[in-house]
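Residues per chain, in single letters:
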Amino acid sequence: MPRTPSSARGATILGWGTNLPEKILTNHDLEKMVETSHDWIVERSGIHERHVGGSTIPMAIAAGRMAIERSGIDPSSIDALILATTTPDKQWGNSAAVQDALGLRCGVFELNSACSGFVYGLVAAHGMIAVGLNNVLVIGADTLSRITDWTDRNTAVLFGDGAGAVVVSSCDGPGELVAWDIDADGSAGSILWAEVGGTIQMEGKEVFRRAVRVMVDSAEKTMAQAGVTGSDVSLVIPHQANVRIIQAACDRLGIPIERTSIVLDRTGNTSAASIPLALADALDKNRIAEGDLVLLVGFGGGMTAASALLRWGPIS
Ligand code: ACO
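The structure presented is a predicted model; accordingly, all values stated were derived computationally and were not measured. (Residues numbered from 1 in each chain as written. Predicted model: local features only at pLDDT ≥ 70, side-chain atom pairs only at ≥ 80, totals over all residues. Heavy atoms only, no water.)

Chemist: Summarise the site of the ligand; cite the residues concerned and give the values.
Modeler: Lining the immediate environment of the ligand, one finds 24 residues, of which Thr36, Arg44, Cys115, Lys205 and Asn242 sit closest. Within the backbone of glycine 204, one N or O atom sits 2.9 Å away from a nitrogen atom of the ligand. Measuring from an oxygen atom of the ligand, one finds a side-chain N or O atom of asparagine 242 at 2.6 Å. Here the ligand loses 76% of its free accessible area of 1000 Å² to cover by the protein chains. For the shell around the ligand, the elements supplying multiple residues, two or more each, are helix H2 (38–45), helix H6 (153–156), helix H7 (204–226), helix H8 (243–253) and strand S12 (293–300). Per-element accounting of the shell around the ligand gives the leading share, four residues, to H7. Formed jointly, the shell around the ligand draws a minimum of three residues from each of two domains, domain 1 (10–171) and domain 2 (177–311). (Near = heavy atom within 4 Å. Polar contact = N/O pair within 3.5 Å; in protein donor to acceptor, adjacent residues only side chain to side chain. Areas by Shrake-Rupley, 256 points an atom, 1.4 Å probe, with all protein chains shown as cover. Helix = DSSP H or I, 4+ residues; strand = E, 2+ residues; numbered from the N terminus. Domains from an automatic or database assignment.)

Have a look at this one:
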């Protein structure tokens, strides 16, 4: 089913943008806040530092502006804005505030599928283009530092703030999205959650185990829809939670970890921003060429999972 029908109107990513708060919190800084060590954090997660202190709307605006500028699209021709976030600044109106600041005149909505949110948003954007829109701005932005308990070493070492965005535009031909998968298992909601107004609660080991499983399941479903295997994939853009989760998932998928984009050493886990940050890093480093098969795959609280296989179009 999720193989994009060949009759669907195609879409392509034209521009990308990122934003990170200026303040960097290193593992050594954390050593002064909780009982932990730089070596433990690096060994168990791969994280060296993270950016903190942003708020979601301004980061989303900055990343969105960069993506629009890079796409060369006139802001007035953006038809929809999707803001994936699990940490909105306000109860409602977050995406509308981004729309206003960017000078857009279009429909907007917020989407909360935790760390899988950006891939959900990307799939939704392709769907909206298939039924008639031309340009959709998809932003993943999160401020997990605001819902982190900075006295809890089990979670404080893992999270950071950031935003990433892409402009998805209609194109001639089949477009980039070859196949995709969105999934969720609400029965696992209690292993990673936050009450409204509360902080992140997590059963780390269980999340780790399930994360590997659902990333592999989702990626395999998407690759099967496309009739490809791990060896056909040029680059994996995984959710940036823990390098050991990425390594374990890659091992099971038969993809060398060298063929992944990893930014978590510098960003920590930025939830919905994590995949677009890693995608932008790969593009900025010219690690993606026209025709490459790029696999985006993530998991998140809920628990949710999502993957998308893109046949990369012309680089803008
Ligand atoms: N510093 C030092 N020691 C620590 C720390 C810390 N920050 N945290 C835990 N420890 C201790 C534990 O207390 C334990 O000690 P014990 O053996 O005396 O009991 C020991 O280190 C080992 O702890 P484990 O929990 O076994 O460590 P593990 O190897 O599982 O790594 C981690 C922990 C990094 C949390 C890992 O389980 C993980 O990454 N889980 C997934 C987390 C994740 O991805 N969450 C985000 C999901 S995405 C989203 O939606 C937000």
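Structure's up, so let's keep going.
Chemist: Account for the sheet that holds strand S7 (residues 161–170), with residues named and values stated.
Modeler: Spatial ordering of the open sheet is given by S1-S7-S6-S4-S5, a layout of five strands whose pairing is mixed. A single partner strand is all that each edge strand has here, and the edge strands are strand S1 (11–19) and strand S5 (107–111). Neighbour-to-neighbour, the strand axes of this sheet turn through a mean angle of 15°, independent of strand direction. Bridging between strand S4 (residues 80–84) and strand S6 (residues 135–143) involves five bridges; their strand directions are parallel. Across the sheet, residue alanine 80 finds its bridge partner in S6, namely valine 136. Along the sheet, helix H3 (residues 56–71) contacts S1, S4, S6 and S7; its crossing angle with S1, the most-contacted strand, is approximately 135°. (Pairing = 2+ DSSP bridges. Axes fitted to C-alpha atoms, helices over the stretch in contact; angles between N-to-C directions. Contact = heavy atoms within 4.5 Å.)

Chemist: Can you break down the pairing of S5 residue by residue, with the values?
Modeler: Taken together, the five bridges between S4 and S5 define a ladder with parallel strand orientation. Bridge pairing links alanine 84 to leucine 111 in S5. Crossover S4 to S5 through helix H4 (residues 94–101) is right-handed. (Right-handed = clockwise from strand over helix to strand, strands pointing away.)

Chemist: So what about H8? Which residues, and what values?
Modeler: When we look at burial in H8, the residues that qualify are Ile245, Ile246, Ala248, Ala249, Cys250 and Leu253. Check the buried side of H8 and you find it contacts H7, strand S11 (235–238), helix H9 (264–267) and S12. The backbone nitrogen of arginine 244 has a side-chain oxygen 2.7 Å away, supplied by the residue at the start of H8, namely asparagine 242. Looking one or two places after H8, you find glycine 254, whose phi comes out positive at around 70°. (Buried < 20%, exposed > 50% of the residue type's maximum accessible area, 1.4 Å probe, protein only.)

Chemist: Go over the domain arrangement of the chain, please, and point to the residues and values.
Modeler: Looking at the chain, the domain boundaries give domain 1 (10–171) and domain 2 (177–311). On a C-alpha basis, the centroid separation for the pair domain 1 and domain 2 is 15 Å. On the side of domain 2, 42 residues touch domain 1, which itself brings 46 residues to the contact. Both faces combined, the contact of domain 1 with domain 2 buries some 3400 Å², and carbon together with sulfur accounts for 69% of it. Put simply, domain 1 and domain 2 have one salt bridge between them. Between aspartate 284 and arginine 70 there is a salt bridge whose closest N-O contact spans 3.3 Å. The interface formed by domain 1 and domain 2 holds 17 residue pairs in polar contact (both at pLDDT 80 or more) in total. The set of elements that each furnish at least two residues to the side of domain 1 that touches domain 2 consists of S1, H2, strand S3 (49–51), helix H5 (117–130), S6, H6 and S7. (Buried area = accessible area lost by both parts, 1.4 Å probe. Salt bridge = Lys/Arg side-chain N within 4 Å of Asp/Glu carboxyl O.)

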